[in-house]
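Next come the chains, spelled out residue by residue.
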Amino acid sequence: MLSQSNLSITWLQPDIDAERWEFFNHPAKQEWYRSHEATWELIISRFNGGALVPYPRAGILEGIPVALSYHTYEEYQTYLARAKRGYRKNYSRMEDALQSAGALDLTAPIILCSGGEGLLFSGYRRLCLAWNYGMVPYVWLVPLTEG
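For every chain, the first residue of its written sequence is number 1, and the numbers climb from 1 along that sequence. Where totals are concerned, whole chains, interfaces and linings use all residues; where local detail is concerned, this predicted model gives features only for residues with pLDDT of at least 70, and gives and counts side-chain atom pairs only at 80 or more. Side-chain numbers here rest on the full set of heavy atoms in the structure, without hydrogens or water.

Undergrad: Explanation requested: the environment of D17 in the structure shown.
TA: Tracing the chain through its elements places D17 in the loop between β1 (8-12) and α1 (20-24). Along the primary structure D17 and I44 are separated by 27 residues, whereas in three dimensions their C-alpha atoms are 8.6 Å apart. Helical segments are the DSSP runs of H or I of at least four residues, strand segments are the runs of E of at least two, and each set is numbered from the N terminus.

Undergrad: Would you mind going over the sheet that holds strand β3 (residues 60-61) with me for this structure?
TA: Strand pairs in the sheet, formed through backbone hydrogen bonds, run parallel or antiparallel to each other. The sheet built from six strands is open, its strands ordered β2-β8-β6-β7-β4-β3 with mixed pairing. Of all the strands in the sheet, the pair left with one neighbour each is β2 (51-54) and β3. For β3 and strand β4 (residues 64-67), the ladder comprises two bridges, and the chain directions are antiparallel. Bridging across to β4, L61 finds its partner in I64. We call two residues contacting when some pair of their heavy atoms lies within 4.5 Å. Only the contacting stretch of a helix is used when fitting its axis, a line to C-alpha atoms as for every element, and angles between N-to-C directions run 0 to 180 degrees. The strands touched by helix α3 (residues 40-47) are β6 (110-114), β7 (117-122) and β8 (138-143); relative to β8, the strand with the most contacts, the crossing angle is about 115°. Following DSSP output, two strands are said to pair if at least two bridges run between them.

Undergrad: Any chance you could explain the packing of aromatic side chains here in plain terms?
TA: Paired rings are identified among Phe, Tyr and Trp, the last through its six-membered ring, by centres lying within 6.5 Å, and are further divided according to the angle between planes into stacked (under 30 degrees), edge-to-face (over 60) and tilted (the rest). Within this structure, the stated rule accounts for eight aromatic pairs. Ring centres 5.4 Å apart and planes at 65° place the aromatic pair Y55 and W131 in the edge-to-face group. Taken as a pair, Y55 in the loop between β2 and β3 and W131 in helix α6 (residues 124-132) lie far apart in primary sequence, 76 residues in all. With respect to class, Y55 is no different from W131; both count as buried. An aromatic cluster of at least three residues, connected via ring pairs, comprises F23, F24, W32, Y33, W40 and F121. Partly exposed residues are those whose accessible area sits between 20% and 50% of the maximum for their type, while under 20% is buried and over 50% is exposed, using a 1.4 Å probe and protein chains only.

Undergrad: Even after reading the chapter, I still don't get the nonpolar core, so can you show me in this structure?
TA: Across soluble globular proteins, nonpolar side chains show a tendency to be buried alongside one another. The biggest cluster of nonpolar side chains holds 40 residues, and the ones touching the most others in it are L112 and F121. Top contributing element to this core by residue count: α6, with six residues. Residues within four places of L112 in sequence aside, it is in contact with W32, Y33, I43, E117, G118, L119, F121, V142 and L144. Residues grouped as a nonpolar core are buried Ala, Val, Leu, Ile, Met, Phe, Trp, Tyr and Cys residues, joined through side-chain atoms within 4.5 Å.

Undergrad: Sorry, what's going on with α6 here?
TA: Each full turn of the α-helix corresponds to 3.6 residues, which orients residues three or four apart in the same direction. Counting buried positions over the nine residues of α6 gives seven, a clear majority of the element. Along α6, the positions that sit buried rather than exposed are Y124, R126, L127, C128, L129, A130 and W131. The first or second residue beyond α6 is G134, which carries a positive phi of 75°.

Undergrad: Where do I start with unusual backbone geometry in this structure?
TA: With glycine set apart, most residues show a phi of negative sign, and most peptide bonds adopt trans. In this structure, E37 is a non-glycine residue whose phi angle is positive, near 50°. Topologically, E37 is positioned in the loop between α2 (30-35) and α3. With a phi angle near 65°, L68 is a residue other than glycine that sits in the positive phi range. With respect to the element layout, L68 can be found in the loop between β4 and α4 (73-81).

What follows is the structure, given as structure tokens:
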């Protein structure tokens, strides 16, 4: 027998300006930006050329390894479930809202791609919410280089 859920998430194009902190302040991402010569200006100039694409639970998206996506359950336990209360709070609010309303509109997580490598730029908790409820989330995939 197959159990099904009536829960759903509608994924919306994110606002890059709302995610500015991720570029300028997130310490774990700075090396990726440097190694891929990803400047804020480059990200902004390429952002609208992105697209919503499905991201099944994996460390690879469309054949591209995605750094910092923490897709395994063990990583979820480390980075979200056992995280400090402040970090978990937003996730818990989204989870409660999804269970209560049955549907949510969320901005899609952002994945940057350059040189055959990706980076989860923002949206880890949103990814986890969908993955933990057996949904395939959509992400805003932004190619920073041509081809």
